[in-house]
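The residues making up each chain are set out below.
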Amino acid sequence: MLGSKQLHSLLSAVIFILVGINSVIAEEITVYTYQHVPFAEQTDTKHQGMIVDIIDELFSRADIDYKIIFNPLKRGLTMTERSKNVCVLPIVRTQQIESEYQWVGPVLISRYGLFSATNSTIPLVTLQDAKSLSIGTYLGSGISEYLASFHYQVQLTNDDGLNIKKLERGRIDLWAAELISAKALMEQSKVQLGEPELIFHTSLRAMACNKLMDDAKHRALVNALNEMYQDGFMTKINREYGVSL
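This write-up is about the structure you can find in this document. Everything numeric in this text was worked out from a predicted model, so none of it was measured. (Residues numbered from 1 in each chain as written. Predicted model: local features only at pLDDT ≥ 70, side-chain atom pairs only at ≥ 80, totals over all residues. Heavy atoms only, no water.)

## Considerations on the state of the cysteines
Thought 1: Counted under the stated rule, the structure contains one disulfide.
Thought 2: Here Cys-87 engages in a disulfide with Cys-209; their sulfurs sit 2.1 Å apart. The disulfide joining Cys-87 to Cys-209 has a torsion of about 105 degrees about its S-S bond and is therefore right-handed. Within this pair, whereas Cys-87 is found in strand β5 (residues 86–92), its partner Cys-209 is found in strand β10 (residues 198–210), the two being separated by 122 residues in sequence. Each member of the pair, Cys-87 as well as Cys-209, is classed as buried. (Disulfide = S-S within 2.5 Å. Helix = DSSP H or I, 4+ residues; strand = E, 2+ residues; numbered from the N terminus. Buried < 20%, exposed > 50% of the residue type's maximum accessible area, 1.4 Å probe, protein only.)

## Focus on the pattern of salt bridges
Two side chains with opposite charge may pair up if their charged atoms get near one another.
Thought 1: Taken as a whole, this structure holds six salt bridges when the rule is applied.
Thought 2: Among the salt bridges present, the one from Arg-61 reaches Asp-231, with a minimum N-O distance of 2.6 Å. With Arg-61 in helix α2 (residues 50–62) and Asp-231 in the loop between α7 (215–230) and α8 (233–240), the pair connects residues that are 170 residues apart, well separated along the chain.
Thought 3: For Arg-61, a relative accessible area of 29% translates into the label partly exposed.
Thought 4: With a shortest N-O distance of 2.9 Å, Arg-93 and Glu-98 are connected by a salt bridge. (Salt bridge = Lys/Arg side-chain N within 4 Å of Asp/Glu carboxyl O.)

## Details of α8
Three- or four-residue spacings in an α-helix give side chains the same orientation, since the helix completes a turn every 3.6 residues.
Thought 1: If you check which residues of α8 are buried, you get Phe-233, Met-234, Ile-237 and Asn-238. End-on, the buried residues of α8 take up no more than an arc of 125 degrees, which puts them together on one face. Exposed and oriented more than 90 degrees from the buried face of α8 are Lys-236, Arg-239 and Glu-240.
Thought 2: Looking at the buried side of α8, the elements it contacts are α2, β6 (101–115) and α7.
Thought 3: Note on α8: the residue one or two positions beyond its end, Gly-242, has a positive phi of about 85 degrees. (Arc of directions from axis to C-beta. Contact = heavy atoms within 4.5 Å.)

## Side note on empty space enclosed by the protein
Thought 1: Tallied over the full model, the rule gives two cavities of 30 Å³ or more.
Thought 2: Taken as a whole, the largest cavity holds about 80 Å³ of empty space.
Thought 3: Taken together, 13 residues make up the lining of the largest cavity; nearest its centre are Ile-91, Val-92, Gly-140, Ser-141 and Gly-142.
Thought 4: Within the residue set of the lining of the largest cavity, elements represented by two or more residues are α3 (73–82), β5 and α4 (142–149).
Thought 5: Looking at the lining of the largest cavity element by element, the count peaks at three residues for β5. (1 Å grid on protein atoms, 1.4 Å probe; cavity = no way out; pocket = protein on both sides within 12 Å on 5 of 7 lines; lining within 4 Å. Points joined across faces, edges and corners; volume = space filled by probe spheres on them.)

## Concerning the side chain of Glu-197
Thought 1: With respect to the helices, strands and loops of the structure, Glu-197 is situated in the loop between α6 (179–189) and β10.
Thought 2: The buried charged residue Glu-197 lacks any salt bridge partner; its closest oppositely charged side chain belongs to Arg-111, at an N-O distance of 15 Å.
Thought 3: From its side chain, Glu-197 meets the backbone nitrogen of Ile-122 in a polar contact 3.2 Å long.
Thought 4: When residues no more than four places from it in sequence are discounted, the contact partners of Glu-197 are Leu-114, Ser-116, Ser-120, Thr-121, Ile-122, Pro-123, Leu-124 and Leu-174. (Lys, Arg positive; Asp, Glu negative; His and termini not counted. Polar contact = N/O pair within 3.5 Å; in protein donor to acceptor, adjacent residues only side chain to side chain.)

## Description of the nonpolar core
Nonpolar side chains in soluble globular proteins tend to end up buried together.
Thought 1: The biggest cluster of nonpolar side chains holds 32 residues, and the ones touching the most others in it are Ile-29, Ile-51, Leu-58, Phe-59, Met-207 and Leu-221.
Thought 2: Listing elements by their share of this core, those giving two or more residues are β1 (29–33), α2, β4 (66–70), β5, β6, β10, α7 and α8.
Thought 3: If you tally residues by element for this core, the top one is α2, at eight residues.
Thought 4: Residues in contact with Leu-58, not counting those within four places in the same chain, are Val-104, Met-207, Leu-221, Ala-224, Leu-225 and Met-228. (Core = buried A, V, L, I, M, F, W, Y, C linked by side-chain atoms within 4.5 Å.)

Structural data, given as C-alpha cells:
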C-alpha cells in the first residue's frame, strides 16, 4: 500500500503530466493558406471561404488556439517545414512529400478540368491530347506537380486568376483549374470560359503540419476531423459550396 509521501509524489507526477499535455495543446498553431476563391479569401476586414470555415470548426473541436495567415502556397510550405507549430492547407498528399509532414485529412475533394479561351475550342478526349499544348496553373499547387511529373508543358503563376488573362491573350493554350475555384475566378474576372474541354483529375487535399508537431496536437486535430465527417459537418459544408461527398 502506498504511503502518504509516495501517494503525494504519484499525484504530483500525474498532475505534471496532465498540465504538460494541456500546455502542449494550448500552444497556438499558425495555419497558412492562400488566396483560392471560393475556398479561401482574404478581404480588408475578414477571412472567409470553405477552408476558413473548416479550419475554424476543426481547431474549435480540437480546443487548440490558432491564427490564419494568407501567403502564396510555396511560402506556406516553406514556413511549415521550418517551424514546429505551423500547418498549411489545402495540400495534395503525394508520395513525393508524404514523409515531409504530419497530415490531417482529407479536408477537401477537388476535381480539375482543362479550360480553353472563350474564342477557341480545343477538343480533348484524354489528357494525352494536351501533351503538345502549354498549360497554365499556379506555383506550388499539387496539380502543377502532377502535370509536370508527366512532362506536360506547365506555365506557373503566383495567382491562379492571372491564368484567365493569359488564356484570353493567347499566352497559354489551356488552364488547369479546380472546377469550383474556376467558376468563382471567372465570375470575379467577368470572363466566362464555359465548360472545361476535359475533366481529367480528382484529388483529396489535406492539411500538412510540421513533422515535429506534438503528438497530442496532431491526435486532437485528427480526432476532430473524424468527428466532423461522422456527424455530417463535412457533408453539409461541401454541399454549401457545391461539392457532393
